[in-house]
Amino acid sequence: MAETDGSTQLFGGVANVRAKAQNIHDTPRFYDGEENGVDDRVTADNMDEARQSNMAYEYLCHLEEAKNWIEACIEEDLGPTLDIEEALRNGVILAKLGHYFAPEVVPEKRIYDSDLERFNLRGLHFKHTDNINYWMRAMASIGLPQIFFPTTPDLYDKKNMPKVIYCIHALSIWLSKLGKAPNIENLLGIAEFTEEDITEMRRALEDYGISIPAFNKIGGILEKEIGVDEAGKHAAVIVINEILQKEDPEVTLKALQNKKAYLNYIEINNSVRYHEILFLAKLDKTETALEEGKTSEESDIYEFYLTHTEIQDIIDDINEIVRKEIAESKFRAAIAEINRCALGDCAQTLLAALQVTASRLKNVNDLNFDLYLEFLKAAKQSKEVGNLNVDEIQEVLELANEEMRKRRDLEGALRILHENFLASNIDGTFEALHHAAFKLPTLHKNAAPKYQATLFFELAKLQDKAQKEGMEDYESIRLTHAQIQNCIAAVNNQLKEVRRFAEAIANINGCLVQDDPQETLGALHVQAASIKDVLERCADDYHVWIKEGISVKKQEAEQADGDSSWIEMRSPDNQIFFYNPESKDLVWVKPEGASDVSHYMAQDEIQWIVSRVTAKRLRDEWFDENVDKVVRLQSIARMSLARKRANQIRVAAKEARDRAKAAEEAAKKEREEWFDENVDHVVRLQSIARMSITKKRYRDRLKFLHENEEAALRIQCLWRGYLVRKELQERKDYLNKNMKHIIRIQAWVRGYQIRKNYLQLTQDKPSVQVLYKFLYLLDQSAVDHAEEAELRKHKASIVKEIRHNQQLEKEINEMDIKIGLLVKNRLTLQDVVTASKKLKKAKGGEMVPKNRGLKELSKESREMLESYQHLFYLLQTNPKYLAKLLFTMPQNNCTKFMESVVLTIYNYGTNSREECLLLRLFENALKEEVQRKVDKVQDISTGSPTVIKIVVGYYRGTQGNQNSLKSLLGPLIEQVMEDSDLNMNIHPLEVYKAWISKTEMETGEPSKLPYDVTPEQALKHKEVTDEIENTIKKLVKIIKSFQEKIIGTVDQMPYGIRYMAMCLRKNLKEKFPDSSEEEILKAVGNLLYYRYMNPVITAPDSFEVIDLAAGSNMNNVQRRNLGSIAKILQHAASFKIFDSDARYLASLNSFIKTAYIKFMEFFDAASTITDIDEHFNMDEFSDVTMLNKPMIFISPNEISSTHQLLLDHQKQVTDSDDDPMNEVLAALGPVPEDEAMLGDKSTEFGLVLTNKWELNMSDESNIQALFSKTKYLIVDLLKIQRGETFTAILHSAANTQQQELYKAIHSRRLAAENEKSSEEEKNSKMALFDPNDTTIEKLKEHILKNLQILEQHKLVTPTEDYQEILTSIAKDICNQRKYRQRRKQDLKKIGETVERMNKKKKYYSEAVTYYQEYVQSCVSNLSKGGKTKKGDRRKTAKYSAQKLYEKGVLVEIEKVPVSSFKAVTIEFSTTDEVGTFEVSGKLSGFNIDKINVVFENLLQLQYEGVSTLKFEDSGVVVNVNLLIFLLNKKFYGVE
């Protein structure tokens, strides 16, 4: 492009400036082949067409401008640009626009059909014109000149839509000047439309039949129509002229944008050109004024300054120039892109480049893109230098279109041909063969049947071959063009051979006219005639005999009707045809009017004569040589003739007999004719005779039968028996003969019936009639009963053992308290004082007793500890609470709470139980998050789900299974890192710079190539593209090894991450059932690869997947290599194809497609895994069979924070008022404010978790058990009684047979129940059999009672014939096999559970025994003080009641006043049982009842906080603490 040289030049006025600007920026340019080769020479027609297209394009741009402006105002999407005219007709959009800038004129509620419901349903309505009127009123209210207003028919009837768009443009400028709306864009030269869009708009404008308004004159018209602030405009124009002296385009632009200047269409991007051209125009105007001798003082200022109109005209001209430049630039870029794509292999990319509007190409067909690529590549290669220009490209496109048209013509011709010859339409086939697309040689009309037959035979041969090769759709095979050409050529060749054959036969017939035997012999020797056995010595005989034959043929032909010149011939390949030697015509079908007899001899007739003549000559010659043999042969022949005459005599005799028979038949016929004439009389006579004969026979027969009645009956019985046995035997023989077939038929019929019935059984609502057919499947075998009994027995024993173990555990806990109390009691005041003294010596201070918090041995602390044990056990085993809490608490604390508290509750999944429970929590939390926060499947990939982030962090960190990633990816990553020569740099700029650096290092000279280039420029160098291609090949090889390793080790992945993938897949399917499986698997892949594996590949050192030496780090090359690998793998996992922004990586797209399919299979396999309970071997008995209770290590601070969170969100976390969590929180109360209750908040301790609720296996209120029992009873009823519906059966009476059958079944059941081994089994409330159901009526009453209970729980619906329970029975029938398999698994698992329970029982029993012995030894070791009586090992201590009262030990004695305490003596003494004391007393010499005091009980009372103890029998009340002190002092030596 030419540019200004910067020197000051003088122009002759503003017009010259405008022309100069046009020359500067719009000078026609011609390009040679090295650029784009554009040839601007066009014809007048082309120019007119281009003008119309340009007009349509400009109008489309104005449509796009109006649409974008309205969308910006009303904030609604108006759809495609081409549909905007139709969308405006109902006035809704325009009324909304009116409401936007004049809401007081167009209230929103006044807009008719604002939601377009009426318009979408029935189209335009006359009331839609109200919307148009509202819009016009709104425009009038803001003062828009009426000259711009369209009429209602212009819009409603679509008579002048350009006027409407013109009005919208004027409205936008007017509102912009008023500051009520944004500026409208100028998209001329910027907006792009397809050639189809432009063509369609051209047709629409032609239909309007009006001229397009001048959109660029709107500003000037507005100025003329409305009053303008002339002073303000004058000042603004002066400012613009003065600012032009400054060399600052930005300042000039601001001046031009001044609203008071009233200048339109100011484009920010053109500011520099505005400044340059305006400056030159002003300079030129100033120079002109000076040349004319004008001065600024005497002349008008606009003699030297540009006027407002001149400035606006220059701005419009510059805008037009820039638009043309942009269009020209796009045109050159489009042609260059087409040339580039023509050298590639992607036809779709080339098609997209050809369809760009800026390319100015026509007739681009979407279906021909493959041919376009082929032809353009050939044209590009044939042109050695430069690119193809637009004409050459258009020519190639036309050639490709023509070629595709020929191919389509050929396809159509082939289709028509096949339709005709498959329908045996000979004329249609022959006509179809004349299609020019076949390019066939001359076709012969007389060979049309032959063409038809040959084509059909060739197609049949191809289909037969395909069928033998196993092709399923062999019938769809059709002949190709080449095969059709071969067939036609073969028929034409055959036609030539046949014609030569026919002409040779005709020649033989013609030679006889010349009466020359040698000529005839020569004709017979012609090879085309195919005459065999011709001898030269028989030439005369051949001539005579053939001539005689022809004469005979002529005589016969003269007598026959029709044309006798046609000869029926049979070709050497045995095909019949007809030939006329006179006309030389040859046809394959007998000509119409041809005689059956020809006066010419055919080939077979000539051959017969030749063969006879030759044979006769050879025979005569042989006879001459073998006379004796001939004589002997004659005698044999005479004998044969004699026999023949005898045979003739026999034949004559037979003929005589036949004549006699014929005479008899003639007589019979004559008689029959007589009878036919007298048929009435004959029939009457015959009937009388028959009646008489029949009566006589009947009477005789009846008399005979009466005389032999017994014999007749016996004979009849024997005969009938014989017939039945015969029929039965025949049936047996037939069945035995076809036994295999019969068995197969029976099996098929039975299978069909079973499948049909089973299909009905699996329907949503199976009927009672269907259930009848399968009830037998619910019958239990002896093995089933045995297994069920064993299962019930084991479960009962497990429950018994659980309760027994719970009792033992309770005793152990009590023992723990007793031991603690004994130990605590041993810590006396003296011990405390001694410890205090030692502490004072060491620190010089006072001893502060250590606060143990929840571990403090007090009842209050103990109860709080147990409540927290129950709370955290409930949180750990029921994950729904924590899952809900995570998404009800503030989200900024969610992750911190998850990592600090939640994982602590599960001990970071350090064993299988806790990992299983942690996975349950993750599963519930993920379900909550998907339901609450995921709006579409893609949110999993584009967002940052909290649960997935925590799960991935857990399983990728040290808490999870980090070794799996190390073993999976570590070796491959280390291999990549150890390869020092490996450099996966595929960015064009970096490769380009590396190449330059390498070249400079090798040559020692600076490179002449520029260092700073764009990626596109870098890719123009072959060395760069070669290096990138080589690197990509290496990269693909390495990525394949990574993918194979990842896919091949799916079973080595952590179970937890695979289980979470399965849960994610399940939750997404449930929430988005309409989403495809591919979309869901992509989301699963985002978890498995992108979040779990990809960061490890990118930064292996951060996840300890590789072992690095101390102080060493990964270098940049290693990180870039691994980053490139991870990037391509991620593209493959998410199926992200490299587009035009990364064309140099487009060769990877095929690999990505293949790898994506493998990844999808991997994600599917990885997210399909066994159930979590089966994997971890967990069931309902797992916790109760553990030897050691679960323990977590948690700090009091974490306990209190969790407690507070649960209290804050209690309603959101719990499901109902009777939720177990409410009970636990009620027992705990508020969070303790006293730190002493929890202890040191920063110190972790082990919290043993216990379950507050026992296992309940026999609760009759269990509604599910009642449901199962009712099903069992209904099955019994259905086996006995039948009916149309279940309700009808319940309310219908049973007959006697059914009652008897039920009694028999009931008796058998009752006997089986009595044989049960244990009373527990007999009396089980869960038992399905009820002995009281002795009759069907009682059974029905029982069923109805149960159904009423189930109806109250909304488990059954009487109005639907209790369909729910019938469906459940059907499912039981279908799942019988699964039930048996599950029962075997339960038996095996319960056996293991019983074994663990026995181990636990043994452990608890041993612990109880040990604890009891330990308590006894503790109590025994305490005894060492007190006085011992003579001869008695017991220790005693005596006190007066007064002294004990003074010490505070004794509180009172009922019915004894304090003044009498001196007379009371109380004696304490030990007993034979350690830890038990006997207290006795005397009052005035009388003995008081003895009391036994157990020291452990006193300690228990002290632990529970009881201050006094009353002995009921004696009425003595003592102080518990002081009594313990007394006993310690006197008997346990505690001073």
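Residues numbered from 1 in each chain as written. Predicted model: local features only at pLDDT ≥ 70, side-chain atom pairs only at ≥ 80, totals over all residues. Heavy atoms only, no water.

> Sorry if this is basic, but what is going on with the overall build of the protein here?
In terms of helices and strands, the protein carries 60 helices and 13 strands. A burial count over the protein gives 41% of its 1535 residues as buried. Partitioning the contacts of the protein with sequence separation of at least 6, the portion at a separation of at least 24 is 70%. Summed over all atoms, the accessible surface of the protein reaches about 87700 Å², with 51% contributed by carbon and sulfur. (Helix = DSSP H or I, 4+ residues; strand = E, 2+ residues; numbered from the N terminus. Buried < 20%, exposed > 50% of the residue type's maximum accessible area, 1.4 Å probe, protein only. Contact = heavy atoms within 4.5 Å. Areas by Shrake-Rupley, 256 points an atom, 1.4 Å probe, with all protein chains shown as cover.)

> Can you help me understand a nonpolar patch on the surface in this one?
A cluster of nonpolar residues, Ile-745, Trp-748, Val-749 and Tyr-752, forms a patch on the protein surface that exposes about 420 Å² of accessible area. By the secondary structure assignment, Tyr-752 is in helix α27 (residues 739–761). Classification of Tyr-752 as partly exposed rests on a relative accessible area of 39%. (Patch = residues over 30% accessible without salt bridge, like charges linked within 9 Å, V, L, I, M, F, W, Y side chains within 5 Å. Salt bridge = Lys/Arg side-chain N within 4 Å of Asp/Glu carboxyl O.)

> What am I meant to see in the pattern of salt bridges here?
When the charged atoms of two side chains lie near each other, side chains of opposite charge can form a pair. One pass over the structure, following the stated rule, counts 29 salt bridges. A salt bridge links Lys-158 to Glu-86, with the shortest nitrogen-to-oxygen separation between them at 3.5 Å. Of this pair, Lys-158 sits in the loop between α7 (152–156) and α8 (161–178) while Glu-86 sits in helix α3 (residues 84–88), and the two are 72 residues apart along the sequence. Taking relative accessible area as the criterion, Lys-158 reaches 29% and is therefore assigned partly exposed. Given the relative accessible area of 34%, Glu-86 is considered partly exposed. Lys-285 serves as the salt-bridge partner of Glu-310, at 3.0 Å between the closest nitrogen and oxygen. Residue Glu-310 is found in helix α14 (residues 308–342), and its partner Lys-285 is found in helix α13 (residues 271–291); the two are separated by 25 residues along the sequence. Owing to a relative accessible area of 18%, Glu-310 belongs among the buried residues under this scheme. When its relative accessible area of 12% is taken as the criterion, Lys-285 is described as buried. Salt bridges linked by common partners bring Arg-1065, Lys-1069, Glu-1077 and Asp-1164 together as one network.

> Even after reading the chapter, I still don't get the nonpolar core, so can you show me in this structure?
The nonpolar side chains of soluble globular proteins are, as a tendency, buried together. Counting residues in hydrophobic clusters, the biggest one holds 124 residues, and the most contacted among them are Leu-871, Phe-872, Phe-922, Leu-969, Phe-1042, Met-1093 and Phe-1163. Core analysis: the second largest hydrophobic core is formed by 59 residues, Ala-138, Ile-165, Phe-193 and Tyr-208 among them. (Core = buried A, V, L, I, M, F, W, Y, C linked by side-chain atoms within 4.5 Å.)

> Mind showing me how you'd approach the sheet that holds strand β1 (residues 567–570) here?
Pairing between the strands of a sheet is mediated by backbone hydrogen bonds and can be parallel or antiparallel. Read from one edge to the other, the open sheet built from three strands follows the order β1-β2-β3, with strand pairing classed as antiparallel. Each edge of the sheet is formed by a strand with only one pairing partner; in this case those strands are β1 and β3 (585–587). Between one strand axis and the next, the sheet turns by 30° as a mean value, whatever way the strands run. Sheet analysis places β1 next to strand β2 (residues 576–580), joined by four bridges and oriented antiparallel. Along β2, the bridge assignment pairs Arg-570 with Ile-576. Contacts from helix α20 (residues 481–511) reach β1, β2 and β3, with the element oriented near 55° to β2. (Pairing = 2+ DSSP bridges. Axes fitted to C-alpha atoms, helices over the stretch in contact; angles between N-to-C directions.)

> Got a minute to help me understand the environment of Tyr-906 in this structure?
Following the sequence through the fold, Tyr-906 ends up in the loop between α33 (894–905) and α34 (912–933). A sequence separation of 29 residues divides Tyr-906 from Thr-877, and the C-alpha atoms of the two residues are 9.6 Å apart. Ignoring any residue separated from it by four or fewer positions in sequence, one finds Tyr-906 in contact with Leu-875, Gln-876, Pro-879, Leu-882, Glu-914, Leu-917, Leu-918 and Leu-921.

> Where do I start with unusual backbone geometry in this structure?
Glycine aside, residues mostly have negative phi angles, and peptide bonds mostly take the trans form. With phi around 55°, Asp-113 is a residue other than glycine that occupies positive phi space. For Asp-113, the position within the fold is in the loop between α4 (92–101) and α5 (117–122). Asp-113 sits in the buried class, given a relative accessible area of 10%. Backbone geometry at Tyr-1362 places phi at a positive 55°, although glycine is not the residue there.

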